[in-house]
Amino acid sequence: MRAIAVHEFGGQPVLVDVPKPVPGPGGVLVRLAAAGVNPFDRKVADGMMDGSMRHVFPLVLGIDGAGVVEEVGEGVTRFAPGDEVFGTFFQEPAGIGTYAEYATVPETNPLALLPAGFDPVVAAALPTAGLTAVQLVEALEPRAGITLLLVGATGGVGQLVVQLAAAAGAQVVATGRPGDAEMLLSLGAAEVVDHTAGPLTSRVHGVDAVIDLVGDGPGFAANLPAVRLGGQALTTTFAADPAVLTSRGLRGGNFEVRGTAEALSRLAESVSDGRLNVPVEHRLPLAEAAAELVRPRSTGARGKTVLVV
Ligand SMILES: NC(=O)c1ccc[n+]([C@@H]2O[C@H](COP(=O)([O-])OP(=O)(O)OC[C@H]3O[C@@H](n4cnc5c(N)ncnc54)[C@H](OP(=O)(O)O)[C@@H]3O)[C@@H](O)[C@H]2O)c1
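This one's a predicted model, so the numbers in the text were calculated from it and none came from an experiment. (Residues numbered from 1 in each chain as written. Predicted model: local features only at pLDDT ≥ 70, side-chain atom pairs only at ≥ 80, totals over all residues. Heavy atoms only, no water.)

### Brief notes about the overall build of the chain
Which entries qualify depends on this criterion: Put simply, DSSP H or I for four residues or longer makes a helix, DSSP E for two residues or longer makes a strand, and each gets a number counted from the N terminus. We compute the radius of gyration from the C-alpha atoms alone; for a globule the expected value is 2.2 Å times N to the 0.38, where N is the number of residues. Exposed residues in this analysis have more than 50% of their type's maximum accessible area, buried residues have under 20%, and partly exposed residues fall in between, with area computed by a 1.4 Å probe over protein chains only. In what follows, residue pairs with any heavy atoms lying within 4.5 Å of each other are defined as contacts. Note on areas: Shrake-Rupley, 1.4 Å probe, and residue coverage restricted to the protein chains presented here. Two residue types count as positive, namely Lys and Arg, and two as negative, namely Asp and Glu; His and chain ends fall outside the count. To locate a charge, take atom NZ for lysine, CZ for arginine, CG for aspartate or CD for glutamate.
Secondary structure assignment for the chain yields 9 helices and 16 strands. Since a compact globule built from 309 residues should have a radius of gyration of about 19 Å, the 19 Å found for the chain is in line with a globular shape. Its C-alpha atoms give the chain principal-axis dimensions of roughly 55 × 40 × 35 Å. Residues classed as buried in the chain amount to 51% of the 309 residues present. Nonlocal contacts in the chain, meaning residues at least 24 apart in sequence, comprise 64% of its contacts between residues at least 6 apart. Within the structure as shown, the chain displays about 13100 Å² of accessible surface, and the carbon and sulfur contribution to it stands at 54%. On the chain, the mean spot of the 21 positive side-chain charges and the mean spot of the 32 negative ones are 4 Å from each other.

### Quick notes on helix H8 (residues 261–272)
Test applied: Take the residue count of a helix, subtract one, and multiply by 1.5 Å to get its expected span.
Helix length check: H8, at 12 residues, gives a terminal C-alpha distance of 16 Å against a target of 16 Å (1.5 Å per residue), a fit within 8%. Of all the residues in H8, the buried ones are Ala 261, Ala 263, Leu 264, Leu 267, Ala 268, Ser 270 and Val 271. As for H8, its buried residues are in contact with strand E6 (84–88), strand E8 (111–113), helix H2 (120–125) and helix H3 (127–139). Of the residues one or two after H8, Gly 274 is the one with positive phi, at around 85°.

### Thoughts on the packing of aromatic side chains
Going by this rule: Aromatic pairs are defined between Phe, Tyr and Trp rings, using the six-membered ring for Trp, whenever the two ring centres lie within 6.5 Å; interplanar angles under 30 degrees are classed as stacked, those over 60 as edge-to-face, and all others as tilted. Geometrically, a lysine NZ or arginine CZ counts as sitting over a ring once it is within 6 Å of the ring centre and also within 35 degrees of the ring normal.
For the coordinates displayed, the defined rule picks out 3 aromatic pairs. Of note, Lys 20 hangs over the ring of Tyr 102, and the distance from its end group to the ring centre comes to 4.4 Å.

### A short note on the sheet that holds strand E14 (residues 251–254)
Threshold: At least two DSSP bridges between two strands are required for those strands to pair. Here an angle of 0 to 180 degrees is reported between the N-to-C directions of two axes, which are lines fitted to C-alpha atoms, with helices fitted over the stretch in contact.
One open sheet holds the 6 strands; their spatial order is E11-E10-E9-E12-E13-E14, and the pairing between them is parallel. Of all strands in the sheet, those with a lone pairing partner are strand E11 (191–194) and E14, marking the two edges. Strand-to-strand twist of the sheet, defined as the mean angle between neighbouring strand axes without regard to direction, takes the value 20°. When strand E13 (residues 227–235) meets E14, the two strands line up parallel, connected through 4 bridges. Considered in E14, the bridge of Ala 233 is made with Gly 252. On top of the sheet, helix H4 (residues 156–167) reaches strand E9 (147–151), strand E10 (171–176) and strand E12 (207–212); it is set at about 175° to E9, its chief contact.

### Considerations on the sheet that holds strand E2 (residues 14–17)
Strand order across the open sheet formed by 3 strands is E2-E1-E4, with antiparallel pairing between neighbours. Each end of this open sheet is capped by a strand with a single partner; those strands are E2 and strand E4 (59–60). In the sheet, strand E1 (residues 2–6) pairs with E2 via 4 bridges, with the strands oriented antiparallel. Bridge pairing in E2 links Ala 5 to Val 14.

### Focus: the site of the ligand
Operational definition: Only heavy atoms are used to decide nearness, and a residue is near a molecule or strand if one of them lies within 4 Å of it. Any pair of nitrogen or oxygen atoms within 3.5 Å is treated as a polar contact; in protein, a donor-acceptor pairing is required on top of that, and neighbouring residues in sequence qualify only through side-chain atoms on both sides. Domain delimitation in this document rests on an assignment produced automatically or drawn from a domain database.
Around the ligand there are 27 residues in total, and Thr 154, Arg 177, Thr 299, Gly 300 and Ala 301 lie nearest to it. Between Ala 301 and the ligand, the recorded distance is 2.6 Å, taken from a backbone N or O atom to an oxygen atom. One nitrogen or oxygen atom from the side chain of Arg 302 is found 3.0 Å from an oxygen atom belonging to the ligand. Calculation on the ligand without its partners gives an accessible area of 930 Å², and the protein chains cover 85% of this total. Listing elements by their share of the shell around the ligand, those giving two or more residues are helix H1 (39–45), H3 and H4. When we break the shell around the ligand down by domain, the ones giving at least three residues each are domain 1 (2–126 + 278–308) and domain 2 (129–254).

As C-alpha cells, then:
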C-alpha cells in the first residue's frame, strides 16, 4: 500500500510502498478515506517520543483519520467490516499512521462511528484539534463573561477554540496577521491583535485567561503579564513552568488532550447541527503530500490540512 513515511527520525517524509497492516487481537483494519494533518505528526517523526515508546520504521506519519473498517481482529466487539469510522490512531508502536491507504488501530482507541452522510475529510480534520479545543475551553474556569487572549487563533486548534469559547460566553481576543481579522471576527472573536506587530503585552492588559497554542517557554512567559492576578494560563506546547505561574498568582499550566469515542461522537454532533465549523484549508491527494510537507512547520496554517487517500 502507499503511505507517507520517514526512514529515520528527522528524515524527510516520502511516499513509500509498504505492506498492508494486519489487525491483531483487538485491532481494527481501516481503509482510510482521509487523514488529518497535525503538528504532532512531524514532532513524532522527528523523534519527540523516542525513549518513551517503541517506534517502527518506515514510520508512517499521522494520528487522525477517517475511513471504512475492512477487517477486525480476534475479540473485537465495537466494530464490524463496513462500519464508517473516524478517530485517533495514535498507538504503540508509533509509526502505524494514517497518512496511508490502510491503518490498524486498537478498538479501545478514541474511534467512533461516522454519522451518516458526514464528510470523511471533515471527520479526519476533527479528532485531535476538536478534542483539544473542546477540552481547553472546558478547562477555563469560569468561562462565561471572561476575556480570553488566544495566541495562535488562526491554526487548526485555534479556529475551533475561537468558536467554542465565544459560544460559551467568553470575549475572545484572538491573535492573527492583519489579513486574518475578518475571518477571526466571523468565527466569533471580539477583537483581533496582530502578533507580528510587537509584544502582545503592549496592547493586551488584564485578561482573565490566556490560551497559548504556539509559544515556547520564553514566548509563553512573555504573555503572562497580560493576565490579571488570579487568572488562568494554559499552553498546548508544554511551555509552562508551574513555579513561574504560582509566583505570578496564576492558575493553569500544561494541557494535554485526552480522547474518548464518546467525546468524538459529541464533536461530530456539534458539526452536524452547525454549532461548530471545521476549517479545512487544504485537501491534498496522498501521493502529493510528501512534497507539500516540506513547508515550514510552525507557521502559515489557516485551519486544517487533510490528505485525501
Ligand atoms: N498538548 C496537547 O495535547 C496538544 C493537542 C493539540 C495540539 N497541540 C499543539 O498545539 C499547537 C497548535 O496546534 P495547531 O494544530 O493549531 O497548529 P497549526 O494548525 O499549525 O496552527 C498554528 C497557528 O499559530 C500561528 N502562529 C505561529 N506563531 C505565532 C505567534 N508567535 N503568535 C501568534 N500566532 C502564531 C500560525 O500562524 P502564522 O502564519 O501567523 O504564524 C498558525 O496559524 C501545536 O504545537 C500542536 O502540536 C498540543
